[in-house]
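Summary of the model geometry
Chain by chain, the residues run as shown.
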Amino acid sequence: MSAQAQMRAMLDQLMGTSRDGDTTRQRIKFSDDRVCKSHLLNCCPHDVLSGTRMDLGECLKVHDLALRADYEIASKEQDFFFELDAMDHLQSFIADCDRRTEVAKKRLAETQEEISAEVAAKAERVHELNEEIGKLLAKVEQLGAEGNVEESQKVMDEVEKARAKKREAEEVYRNSMPASSFQQQKLRVCEVCSAYLGLHDNDRRLADHFGGKLHLGFIEIREKLEELKRVVAEKQEKRNQERLKRREEREREEREKLRRSRSREHRRHRSRSMSRERKRRTRSKSREKRHRHRSRSSSRSRSRSHQRSGHSSRDRSRERSRRRSSKERFREQDLASRDRDRNSRDRSPRDRDRKDKKRSYESANGRSEDRRSSEEREAGEI
């Protein structure tokens, strides 16, 4: 890569896609599905293992340092939760590496001579010491490159101790194996990067392996995967708590709404009951008024009927008195007529005729008076 391209990449990484007013590069956003989320988090295996024996080539998704810069700026204000996508990507990659490691172990078990469990344990001890020496030598080289001489010297002392332990372990392993079998190269598969390690590898070979880009790259990927798992677990727990909190707030709001609706219903019910009570009272008062009015009207009607009955009784008594008086007059007239008849017997016939005419006339007058009195009595009764 030329110096100009390196400078451009550095500017992209620092300023993002919006530098120099270049709008053509903003056609794709970092949140697009075509962008590699592992690249945005600087843990894509295609970038980490680039230039090693297990170079994966170019990633199928977009890698752009400017998009990574945009994501780093935007992630300060909003959580996009891209760690989950990156974790899934790394888990899939590490699972493939672990499968290759198991396949390599099975192939070695089929090609190499079978040894007893005791001899296998002694060989495993030698491999562990080789791995420890290689890691320490890689650390010494790193400290020396950083200029930390004192720390590198301390680590070299630990390397010498590990070498002494290795010589002892090799001697024990040599004594437990036949000479012909011991000369054969005993291989072992690295648990980190699936590379083959020899039992008789020298320190330089071990340092090159454990300090190499392939082994360190796999260590970086595995450590990043563990970090992503922790971050995702924390964010999921945080999201679950926020979701639970929002649900509790919604439930509290619903309970508050229900309480308010119940209180409104209670007030409405009370107002209805009070209105019904007022109506009932007004109806009772109106009934009482009607009852009093009826009682007054009935008392008036009774008094009027009593008065009418009194008047009618007086009229009847008057009628009876009239009848009695008319009967008495009739009797008196009858008696008088009888007396005149007796007296007329001793008088002349002429006087008798005159008296008879007078009597008939009086009796006729008496009948007409009786008829008038009876008509008046019937009119009074009506």
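See above for the structure.
Attention here is on the structure that accompanies the text. Here, residues in each chain are numbered from 1, in the same order as that chain's written sequence. Whole-chain, interface and lining totals are the exception, using all residues; otherwise, since this is a predicted model, local features are given only for residues with pLDDT of at least 70 and side-chain atom pairs are given and counted only at 80 or more. The basis for every side-chain value is the complete set of heavy atoms in the structure, and neither hydrogens nor water enter the calculation.

Here we take up the nonpolar core. What is meant by a nonpolar core is a set of buried Ala, Val, Leu, Ile, Met, Phe, Trp, Tyr and Cys residues, joined one to another through side-chain atoms within 4.5 Å. The buried label applies to any residue whose accessible area, calculated with a 1.4 Å probe on protein chains only, is under 20% of its type's maximum; exposed applies above 50%, and partly exposed to all values in between. In this structure, L40, L49, F93, F218, I221 and L228 are the most contacted members of the largest nonpolar core, which totals 32 residues. For this core, the secondary-structure elements that each account for two or more residues are α4 (65–74), α5 (83–111), α9 (203–210) and α10 (213–345). In this structure I221 touches P45, V48, L49, L90, F93 and I94, once residues within four positions along its chain are discounted. Formed by nine residues, the second largest nonpolar core is a distinct cluster that contains I133, V140, L143 and V159. The way it works is that DSSP assigns letters per residue, a run of H or I at least four long becomes a helix, a run of E at least two long becomes a strand, and they are numbered from the N terminus. Residues are treated as being in contact if the distance between any of their heavy atoms lies within 4.5 Å.

As a further point, take unusual backbone geometry. Its identity as a non-glycine residue notwithstanding, N42 has a phi of 60°, on the positive side. Here N42 is to be found in the loop between α2 (37–40) and α3 (45–48). Residue classification places N42 among the partly exposed positions, given a relative accessible area of 47%. You will see that F81, though not glycine, has its phi angle at about 60°, which is positive. On the accessibility criterion, F81 (10% relative accessible area) is buried.

Our next topic: the pattern of salt bridges. One side-chain nitrogen of Lys or Arg within 4 Å of one carboxyl oxygen of Asp or Glu is enough to make a salt bridge. All chains considered together, the criterion is met by 17 salt bridges. Residues E83 and K235 are paired through a salt bridge, measuring 3.0 Å at the closest nitrogen-oxygen approach. Note that E83 is positioned in helix α5 and K235 in helix α10, a separation of 152 residues in sequence. Looking at E83, the relative accessible area reads 10%, which means it is buried. For K224, the salt bridge goes to E227, with nearest N and O atoms at 4.0 Å. Placement of the pair is K224 and E227 together in helix α10, with a separation of three residues, close to one helical turn.

Without other data, these values stay purely geometric and don't point to any function.
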